[in-house]
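Each chain, letter by letter, is given below.
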Protein chains: 2
Amino acid sequence: MTAPQETTTAAPAARSPYDLPDVSGLVVGVLGGTGPQGRGLAYRLAKAGQQVVIGSRSAERAQEKADELGHGVRGADNATTAAESDIVIVAVPWEGHAELLASLRSELAGKIVVDCVNPLGFDKQGAYALKPEEGSAAQQAAALLPDSRVTAAFHHLSAVLLLDQAVDEVEIDVLVLGEERAATDAVQALANRVPGMRGVFAGRLRNAHQVESLVANLISVNRRYKAHAGLRVTDI
Amino acid sequence: MTAPQETTTAAPAARSPYDLPDVSGLVVGVLGGTGPQGRGLAYRLAKAGQQVVIGSRSAERAQEKADELGHGVRGADNATTAAESDIVIVAVPWEGHAELLASLRSELAGKIVVDCVNPLGFDKQGAYALKPEEGSAAQQAAALLPDSRVTAAFHHLSAVLLLDQAVDEVEIDVLVLGEERAATDAVQALANRVPGMRGVFAGRLRNAHQVESLVANLISVNRRYKAHAGLRVTDI
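Treat the numbers as computed from the prediction; the structure is a model and nothing was measured.

Caption draft 1: Representation of the overall build of chain A. Each helix and strand in chain A was counted, giving 9 helices and 11 strands. Here the C-alpha atoms of chain A give a radius of gyration of 18 Å, agreeing with the 18 Å that 2.2 N^0.38 yields for 236 residues. On the principal axes, the C-alpha backbone points of chain A span a range of 60 × 40 × 40 Å. When each of the 236 residues of chain A is scored for burial, the buried share is 55%. In chain A, 71% of the contacts between residues at least 6 apart in sequence involve partners at least 24 apart. A total of about 9900 Å² of accessible surface is found on chain A, and carbon and sulfur atoms cover 51% of it. Looking at chain A, you have 22 positive and 28 negative side-chain charges, and the mean spots of the two groups are 5 Å apart.

Caption draft 2: Spatial organisation of unusual backbone geometry. Of note, Phe 154 of chain A is a non-glycine position whose phi angle comes to about 65°, a positive value. Structurally, the position occupied by Phe 154 of chain A is in the loop between strand 8 (149–152) and helix 7 (159–163). Despite not being glycine, Lys 226 of chain B shows a phi value in the positive range, around 50°. Along the polypeptide, Lys 226 of chain B turns up in the loop between helix 9 (208–225) and strand 11 (230–234).

Caption draft 3: Expanded view of the interface of chain A and chain B. Contacts between the two partners involve 42 residues from chain A, matched on the other side by 42 residues from chain B. Here chain A meets chain B over a buried area of about 3800 Å², counting both sides, of which 54% is carbon and sulfur. By the criterion of area lost to chain B, the three top residues of chain A are Arg 206, Arg 224 and Tyr 225 of chain A, representing 20% of everything that side buries. Between chain A and chain B we count 2 salt bridges in total.

Caption draft 4: The relation of the copies chain A and chain B, seen in detail. When chain A is fitted onto chain B, the two copies agree to an RMSD of 0.0 Å after a turn of 180° and an axial shift of 0.0 Å. Here the copies are linked by what is in effect a two-fold axis. Across chain A, the rotation axis passes nearest the C-alpha of Gln 210 of chain A, at a separation of 2.1 Å. Here 100% of the interface residues in chain A have copies in chain B that are interface residues too; the copies meet face to matching face.

Caption draft 5: Seen up close, helix 5 (residues 94–103) of chain A. Residue and element names in this part refer to chain A. Every buried residue of helix 5 is listed here: Trp 94, His 97, Leu 100 and Leu 101. All buried residues of helix 5 project into a common sector of 100° when viewed along the axis, lining one side. Those residues of helix 5 that are exposed and angled more than 90 degrees off the buried face are Glu 95 and Glu 99. Its buried side turned inward, helix 5 meets strand 1 (27–31), helix 4 (78–84), strand 4 (87–90), strand 5 (112–115) and helix 6 (137–144).

Caption draft 6: Representation of the packing of aromatic side chains. One pass over the full model with this rule turns up 2 aromatic pairs over all chains. Between Arg 224 of chain A and the ring centre of Phe 201 of chain B, over which it is positioned, the NZ or CZ distance is 3.8 Å.

Caption draft 7: Up close: the pattern of salt bridges. All names here are of chain A. A full pass over the atoms with the stated rule returns 22 salt bridges over all chains. For Arg 232, the salt bridge goes to Asp 173, with nearest N and O atoms at 2.6 Å. Here Asp 173 lies in strand 9 (residues 172–178) and Arg 232 lies in strand 11 (residues 230–234), a separation of 59 residues in the sequence. Take Asp 173: its relative accessible area is 2%, and that puts it in the buried class. What emerges from the salt-bridge pattern is a single network uniting Glu 171, Asp 173, Arg 198 and Arg 232.

Caption draft 8: Quick look at the sheet that holds strand 2 (residues 51–56) of chain B. All names here are of chain B. The mixed open sheet is built from 8 strands, whose spatial order is 3-2-1-4-5-8-9-10. In this open sheet, the two edge strands, each paired with only one partner strand, are strand 3 (74–77) and strand 10 (197–201). The average angle at which neighbouring strand axes cross in this sheet is 30°, direction not considered. For strand 9 (residues 172–178) and strand 10, the ladder comprises 5 bridges, and the chain directions are parallel. Counted as the bridge partner of Ile 172 is Met 197 from strand 10. The sheet contacts of helix 2 (residues 36–47) involve strand 1 (27–31), strand 2 and strand 4 (87–90), and relative to strand 2 the element is tilted by about 165°. Those strands touched by helix 3 (residues 59–69) are strand 2 and strand 3, and its axis lies near 165° from that of strand 3.

Caption draft 9: Molecular detail of the nonpolar core. Of all hydrophobic cores here, the largest spans 68 residues; its most connected members are Leu 31 and Leu 108 of chain A together with Leu 31, Leu 108 and Leu 177 of chain B. If near-sequence neighbours (up to four positions away) are discounted, Leu 31 of chain B is found in contact with Gly 55, Asn 78, Thr 81, Ala 82, Val 88, Ile 89, Val 90, Ala 91, Val 92, Leu 100, Leu 101 and Leu 104 of chain B.

Caption draft 10: Fine view of the packing of helix 9 (residues 209–225) of chain A against helix 9 of chain B. Two elements in contact, helix 9 of chain A and helix 9 of chain B, have axes separated by 9 Å at closest approach and are oriented at 140°. Between helix 9 of chain A and helix 9 of chain B, the angle is such that the two are oblique. Between helix 9 of chain A and helix 9 of chain B lies a crossing whose hand is left-handed. Contact with helix 9 of chain A, carried on its side by His 209, Gln 210, Val 211, Ser 213, Leu 214, Ala 216 and Asn 217 of chain A, involves His 209, Gln 210, Val 211, Ser 213, Leu 214, Ala 216 and Asn 217 of chain B of helix 9 of chain B and no other residues of that element. Taken together, the residues that form the contact of helix 9 of chain A with helix 9 of chain B break down as 6 nonpolar, 8 polar and no charged.

Criteria and cut-off values
Residues numbered from 1 in each chain as written. Chains lettered and ligands numbered in written order. Predicted model: local features only at pLDDT ≥ 70, side-chain atom pairs only at ≥ 80, totals over all residues. Heavy atoms only, no water. Helix = DSSP H or I, 4+ residues; strand = E, 2+ residues; numbered from the N terminus. Rg over C-alpha atoms; globule rule 2.2 N^0.38 Å. Buried < 20%, exposed > 50% of the residue type's maximum accessible area, 1.4 Å probe, protein only. Contact = heavy atoms within 4.5 Å. Areas by Shrake-Rupley, 256 points an atom, 1.4 Å probe, with all protein chains shown as cover. Lys, Arg positive; Asp, Glu negative; His and termini not counted. Charge placed at Lys NZ, Arg CZ, Asp CG, Glu CD. Buried area = accessible area lost by both parts, 1.4 Å probe. Salt bridge = Lys/Arg side-chain N within 4 Å of Asp/Glu carboxyl O. Least-squares fit on C-alpha atoms with pLDDT ≥ 70 in both. Arc of directions from axis to C-beta. Phe/Tyr/Trp six-rings, centres within 6.5 Å; stacked < 30°, edge-to-face > 60°. Lys NZ or Arg CZ within 6 Å of the ring centre and 35° of its normal. Pairing = 2+ DSSP bridges. Axes fitted to C-alpha atoms, helices over the stretch in contact; angles between N-to-C directions. Core = buried A, V, L, I, M, F, W, Y, C linked by side-chain atoms within 4.5 Å. Parallel < 35°, antiparallel > 145°, perpendicular 65-115°, else oblique. Left-handed = near helix turned anticlockwise from the far one by under 90°. Nonpolar A, V, L, I, M, F, W, Y, C, P; charged D, E, K, R; others polar.

Below you can see the structure in the form of structure tokens.
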């Protein structure tokens, strides 16, 4: 039964930020899916019931790692992974980021691309932010993939926690950035599939650099507190 | 009574990151203390029992605002505020940041300076990060104040929540950055004085830019969710 105030509202109400699409039927690919971050995300998403393909340069290596993860994860080369997936997470090292994405422009056309790459440098004082020419890894992806729906998310996750089978809930908020609401909504919904994880919209791609480079700060937190730190957003 | 394992440890244990100094007797000055952020911090710290002086260009205006805040807050011109305080919070607009600090170099010598300035630009798409020549507002402060102990903290607080007398606990973690452990420890301890607030060490000043500019993302969160968002660090 619909309450009267819902039927008599003159102007359409703004859509609730908590009203997100059902993404449970979408195939998720993870480029660079054999690294710790990629494997961790693949494991958590597959365990939550998502169809997941992990990509690597070598299809054989990808299949080996997929078999280790279980939960129906498949392995393929990166191009096949991109072509077969609806949502494609980019979890490659920053050093190979531009080259890989440029090579997959056609396979990634029309897809939701989720960049989770953190451009960082390391020296004896720890980690520090690198500043990509385009502003951020996510903006570099958007520049190289004009036919894709590029978002940024999943930057602050600890691969150790993601891969720890003793951890049932991954208590973290995933900051999701992008230009297109339908795309960021889908990525938020994907994050919400993992118990404990929550997708939170956190701005446009021009504000991705600070989200990517905040990982340098989390590394400092981890060193000081011997932790696997993540973030929660308060008051939402 | 000391447990045996504490007396027989061969190597000194690393100091606990939770072992922080008592700062309850220190005087806290707030430069730009008549703005919303400065007044909010002054209010919360004074309410927690800290001696607080708010500074402004005009001592009269500072005293007026101090009287409004109550809890023993005093007002003074910025130079007097700096000279009379042990810990000096810099809460001025980014536009006046360099000029003010350069003018107070001698008053701030030897003091713990806490920069909480967020260099941001605004256009019709919202907020975006500005990149100071020195890397961040905090690094600019450190360059202008070579005789001070410069830290960065209190970036992500909502002035609305700080000033809301109906809010008893400010549920937020304060990321504290700096080069000198004794200084960052003191600032963490200061944050811990406010109910709900927690000071968390989050790296060196070279990693301050992303902490400052993350405010642009929190503004996007606030707009989308109609909230006063802050951050909590998980797993510590």
